[in-house]
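# Coordinates in review
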Amino acid sequence: CNIVGEASPKEIYKQMRIVHERYGVQHFFIDSLMRISGLDENYPAQADFLNGLQAIAKETKGHVHLVAHPRKIDETLRARKSDIRGSGVIAANADNIVTVRRNADKQKAIEGGKHRLELLHMHDAEFAVEKQRSSGWQGVVKLNYDMKSRAFSVFKDEPKKK
């Protein structure tokens, strides 16, 4: 299903069930919580929506990946689970919380005219696991971004030899 723009919780639930029944889909991506009608700043409605998503995940034995943006924070800081914009129920009920952020220091170095060789020792982004129910592991993985492949890879603080 490819809904563009706003959708109601009922429409989201309906589409999730349809794609599961027709195609066996078990991973559902909702980008983003802000696009679900009636939820903005309505914390009880957000809690109800999350309960509905959990019910469908159990029913389909699937996984729901919900994008929830952080509150406005300093761009040099990594968002934590407490920074998720909206109801505290979002972080409390999630099985996993991950954050992705661009390395603001590298961006400033580029804008400041740092030499290309100096930039090789700086990562492009960070992927952080802020909550992980099954094993409890939490941590940060630094990443490099490859423009050609449009993919991230694990950052190694050693320039690649050609």
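Data block above holds the structure.
Below you will find a few notes about this structure. For clarity, every value in this text was computed on a predicted model and none was experimentally measured. (Residues numbered from 1 in each chain as written. Predicted model: local features only at pLDDT ≥ 70, side-chain atom pairs only at ≥ 80, totals over all residues. Heavy atoms only, no water.)

## Some remarks on the nonpolar core
Quick note on the threshold: To qualify as a nonpolar core, a set must consist of buried Ala, Val, Leu, Ile, Met, Phe, Trp, Tyr and Cys residues joined through side-chain atoms within 4.5 Å. Working definition: with a 1.4 Å probe on protein chains only, accessible area under 20% of the residue-type maximum means buried, over 50% means exposed, and in between means partly exposed. Put simply, DSSP H or I for four residues or longer makes a helix, DSSP E for two residues or longer makes a strand, and each gets a number counted from the N terminus. We call two residues contacting when some pair of their heavy atoms lies within 4.5 Å.
Judged by nonpolar contacts, the single largest core of 20 residues is most densely connected at Ile-12, Met-16, Ile-30, Ile-36, Leu-39, Phe-49 and Leu-53. Of all the secondary structure elements, the ones that give two or more residues to this core are α1 (9-23), β1 (27-31), α2 (43-60) and α3 (88-93). In terms of residue count, the dominant contributor to this core is α2 (5 residues). Excluding residues that lie within four positions of it along the chain, Leu-53 makes contacts with Tyr-13, Met-16, Ile-30, Val-64 and Leu-66.

## Things to note about α1
Cut-off, in case you're wondering: Multiplying one less than the number of residues by 1.5 Å gives the expected span of a helix. The reported arc concerns the directions from the helix axis to the C-beta atoms and nothing else.
Taking 1.5 Å as the rise per residue, α1 with 15 residues should run 21 Å; its terminal C-alpha atoms sit 21 Å apart, in good agreement. Turning to α1, its buried residues are Pro-9, Ile-12, Tyr-13, Gln-15, Met-16 and Val-19. For α1, the arc enclosing every buried residue in end-on projection is 165 degrees, short of the 170-degree limit, so these residues lie on one face. In α1, the exposed positions that point more than 90 degrees away from the buried face belong to Lys-10, Glu-21 and Arg-22. Where α1 is buried, its residues touch β1, α2 and β2 (63-67). Once α1 finishes, Gly-24 follows within two positions and takes phi at roughly 75 degrees, a positive value.

## Brief notes about the sheet that holds strand β6 (residues 151-154)
The pairing of strands in a sheet comes from backbone hydrogen bonds and takes either a parallel or an antiparallel form. How we decide: In short, DSSP must find at least two bridges between two strands for them to pair. Each axis is a line fitted through C-alpha atoms, and for a helix only the stretch in contact is used; angles between axes span 0 to 180 degrees, taken between their N-to-C directions.
Spatially, β3-β4-β5-β6 is the arrangement adopted by the 4 strands of the open sheet, whose pairing is antiparallel. Strands with a single pairing partner mark the edges of an open sheet, and in this sheet they are β3 (96-102) and β6. When strand polarity is set aside, the average angle formed by the axes of neighbouring strands in this sheet is 35 degrees. In terms of strand pairing, β3 meets strand β4 (residues 125-132) through 7 bridges, oriented antiparallel. For Val-98, the partnering residue across the bridge sits in β4 and is Val-129.

## Here we look at the side chain of Gln-132
What counts, and what does not: N or O atoms within 3.5 Å of each other form a polar contact, as long as, within protein, one can give a hydrogen and the other can take it, and as long as residues adjacent in sequence are counted only when both atoms are side-chain atoms.
Its location among the elements puts Gln-132 in strand β4. Judged by relative accessible area, which is 19%, Gln-132 ranks as buried. There is a polar contact of 2.6 Å between the side chain of Gln-132 and the side chain of Ser-135. In this structure Gln-132 touches Asp-95, Asn-96 and Trp-137, once residues within four positions along its chain are discounted.

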